[in-house]
Structures are given as C-alpha cells and as structure tokens.
Amino acid sequence: MLRVILIGFKSGLSEAKKSPLNLWLSAFVNFSYYIAQAFFWYAILNSQSSGYILSDGFIIIFFTTVCLVDNLYLFLFGRGSLLLVKKVKSLKLEPHLTLPINTQFLYVTTNIAFEHFLLSFLSLVLFFTVHIYFGTNILLVFLHFIMVLEGVLILTSITWIIRTTIFWTTSLVSIKNSNPCFKVLVRPEQSFHGVVRFILMFILPCLFITGVPASVVSGIMSMKWFFIQTLVTLILILILILILIFIAKLVFDIGVKRYSKYIT
C-alpha cells in the first residue's frame, strides 16, 4: 500500500517537472482566485453590519479554513476523481480494474497534483500565521488542524459520490454558486434531486468543513462545555466521514458493475 502511494508521489512529481510553466501558471491562477476571495471577506469585515452577525476572528478563521481544506484536497486527492471521469468517458477503465488493488484506492492515493503544492504550502503558512496573530491556544490549533484534515476527507468523499455518477451519464456541467471548495468540481447533469444536491454541495461543506471548525477555534462555543462539545463534534464528523466514504464506495462499486456490463 505504501509502495503504491510512493509510486504515485514520484509519478506526480515527475509530471510536474516536465512542465514547470504549467505548474507556475496553475499556481498563479489559483493564487489570484484566493486574492479575490480575500478581498471579498475583507469587504465583509469592513461592512457596517458585519459586527452584528459574525466576529472578525470567525471570518478570518473561516477563510483560512477554506483555503487550507481546498488546497490540500486539490493537492492530494482532487485529480483522482477527474481521472475516473476521463477514463469512463473514453471507455478505458478496464486496465485499472484488472489490477490486484482496489481501483478507487488507486485513483485516490496515486494522483497527487503538484501544481497545487505551492498554494497548499502558502495555506499552511496562512493557517499558522493567523493562529499566531490571534494567540490561539495550542490545543485549539491542534483541534483546528484535525478538523481541517477531516474536512479534506469529507470533501473528497462528496466529490467521489458526485463524480462517480459518470457511470450513469457523461453529460458534465460546471457547478455555479457553490461552496468555494468546489470551484473545480463538475458533476453529471441532474445526478441528484435538488434537496440532495443542496445537502451535498452546501449544507455539509459549509457546516462541517468550514463552519464548525471556525466556531470551535473562534470561541463561539461555550467554554464551560468546550471539551464535551468538541469531543461530540469530532465524533459526529468522524461518523459523517465514515458514512460518506461508505456511500462513495457503494456508488463506485455499483457503477463499476454497470460499466463492466456495458463494455462486454
């Protein structure tokens, strides 16, 4: 397993070295996106009504969480599901299905996108800089980072649930007005009912990827019950991750069976 991950890491690094211009151009485009996001949140911070709704600390931590989760996801896991879509559309998935390793695991762990490494590093720098600026307790920093990693897993699972529906349709559209974490996400058209799509694309990301971590770290939760609330929150998020991973695997397995029948 570790050998497969290492091979994927070396492959991604080798691919990045082949086209340094593409690597830096991609980094610049993504950096520009977050600069625009920063101006957006800065405008909220300076709006007259923001003080009555959200604290400055909450907004800054919220933005920091979005940056780190988004870029770690794109760097580590974002490319795998896109590769799946490409292989299914071109009917070239069979060679990977015959390998003595779980295909979904192979795609998730061996498609590191080094063009997002720089932004991931800068997001980490921003993460620790913000906490140093606010003088955050080391325990809260640790909890925040754990929740960020959980957010990456949630984002990866949701992405796979949505993109795996490529087995049922190859009509892809870009999602507009979605959570910033999904800025590169595409889904088969009409894959889910509107309510389900709203939960997958808005409720779960905004609540568990960004909202809850920002609430914990910024002190919105009651300090009297902080440890109990945090423990319950971590357990609930972990349960959610396991459920989403199970659903993602189930949808993938059903899709593979359908794909196998279609090409034979």
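Residues numbered from 1 in each chain as written. Predicted model: local features only at pLDDT ≥ 70, side-chain atom pairs only at ≥ 80, totals over all residues. Heavy atoms only, no water.

## A closer look at the overall build of the protein
Secondary structure assignment for the protein yields 10 helices and 2 strands. Starting at the N terminus, the α and β elements of the protein follow one another as α-α-α-α-α-α-α-α-β-β-α-α. The buried share of the protein, taken over its 264 residues, is 44%. Once local pairs closer than 6 in sequence are excluded, the contacts in the protein between residues at least 24 apart make up 78%. Counting every atom, the protein has about 14400 Å² of accessible surface; 72% of that belongs to carbon and sulfur. (Helix = DSSP H or I, 4+ residues; strand = E, 2+ residues; numbered from the N terminus. Buried < 20%, exposed > 50% of the residue type's maximum accessible area, 1.4 Å probe, protein only. Contact = heavy atoms within 4.5 Å. Areas by Shrake-Rupley, 256 points an atom, 1.4 Å probe, with all protein chains shown as cover.)

## Focus on the nonpolar core
Counting 44 residues, the largest nonpolar core has Leu84, Ile154 and Phe167 as its most contacted members. For this core, the secondary-structure elements that each account for two or more residues are α3 (56-76), α4 (78-89), α6 (103-109), α8 (138-163), α9 (194-218) and α10 (226-263). The dominant element in this core, judged by the number of residues it contributes, is α8, at 12 residues. In this view, Ile154 contacts Phe208, Ile209, Ile237, Leu240, Ile241 and Leu244; residues no more than four positions away in its chain are not counted. Tyr34, Phe58, Cys67 and Val130 belong to the second-largest nonpolar core, a separate cluster that totals 14 residues. (Core = buried A, V, L, I, M, F, W, Y, C linked by side-chain atoms within 4.5 Å.)

## Remarks on α4
Within α4, the full set of buried residues consists of Gly78, Gly80, Ser81, Leu84, Val85 and Val88. Positive phi shows up at Leu91, right after α4, with a value of about 55 degrees.

## What to know about the pattern of salt bridges
For the coordinates displayed, the defined rule picks out 1 salt bridge. Measuring nitrogen to oxygen at the nearest pair gives 2.8 Å for the salt bridge that ties Asp253 to Lys249. Of the two residues, Asp253 and Lys249 are both situated in helix α10; the distance of 4 residues between them amounts to about one turn of the helix. (Salt bridge = Lys/Arg side-chain N within 4 Å of Asp/Glu carboxyl O.)

## Some details on the UniProt feature "transmembrane region" (unreviewed entry) in the protein
Following the UniProt record, one finds the feature "transmembrane region" (unreviewed entry) at residues 21-45, 57-85, 105-134, 140-162, 195-220 and 226-252. End-to-end, the C-alpha atoms of residues 57-85 are 39 Å apart, and along that stretch the chain is 97% helix and 0% strand. (UniProt positions renumbered as here; feature names shortened; annotations may be inferred.)

## Topic: α8
In this model, α8 (26 residues) spans 37 Å end to end at C-alpha, consistent with the 38 Å of a helix rising 1.5 Å per residue. Across the 26 residues that make up α8, a large majority, 19, are buried. (Expected span 1.5 Å × (residues − 1).)

## Quick look at the packing of α3 against α8
At their nearest, the axes of α3 and α8 sit 9 Å apart, and the two run at 55 degrees to each other. In terms of their interaxial angle, α3 and α8 are classed as oblique. Along this stretch, α3 crosses α8, giving a crossing that reads as right-handed. The residues of α8 that touch α3, namely those facing Ile61, Thr65, Leu68, Val69, Leu72 and Tyr73, are His144, Phe145, Val148, Gly151, Val152, Leu155, Thr156, Thr159 and Arg163. (Axes fitted to C-alpha atoms, helices over the stretch in contact; angles between N-to-C directions. Parallel < 35°, antiparallel > 145°, perpendicular 65-115°, else oblique. Left-handed = near helix turned anticlockwise from the far one by under 90°.)

## Quick look at the confidence of the model for the protein
Reading predicted coordinates in detail is not appropriate for stretches of low pLDDT. Summary statistics for the protein give a mean pLDDT of 76 and a share of 72% for residues scoring 70 or more. Within the protein, no element has a lower average pLDDT than strand β1 (residues 172-174), which sits at 39, and none a higher one than helix α7 (residues 117-134), at 90. In this model, residues 171-190 is a region of pLDDT below 50 whose contacts with residues beyond four sequence positions or in other chains number 55 contacts. (pLDDT = per-residue confidence, 0-100.)

## Brief notes about the packing of aromatic side chains
What characterises a pair of aromatic rings is the spacing of the ring centres plus the angle enclosed by the ring planes. In the structure shown here, the tally under the stated rule is 7 aromatic pairs. Through successive ring pairs, a cluster of aromatic residues spans Phe75, Phe114 and Phe117. (Phe/Tyr/Trp six-rings, centres within 6.5 Å; stacked < 30°, edge-to-face > 60°.)

## What to know about the side chain of Glu150
With respect to the secondary-structure elements, Glu150 resides in helix α8. In this structure Glu150 is buried but unpaired, with Arg163 as the nearest side chain of opposite charge at 22 Å. Contact partners of Glu150, with chain neighbours within four places excluded, come to Leu234, Ile237, Leu238 and Ile241. (Lys, Arg positive; Asp, Glu negative; His and termini not counted.)

## As for the packing of α7 against α8
It is the contact of α7 with α8, at a shortest axis distance of 11 Å, that shows an interaxial angle of 150 degrees. It follows that α7 is roughly antiparallel to α8 by the angle criterion. Once α7 is placed against α8, the crossing between them reads as right-handed. Residue-level inspection shows Leu124, Phe127, Phe128 and His131 of α7 in contact with α8, the latter providing Val141, His144, Phe145 and Val148. For the contact of α7 with α8, the per-class residue count stands at 6 nonpolar, 2 polar and no charged. (Nonpolar A, V, L, I, M, F, W, Y, C, P; charged D, E, K, R; others polar.)

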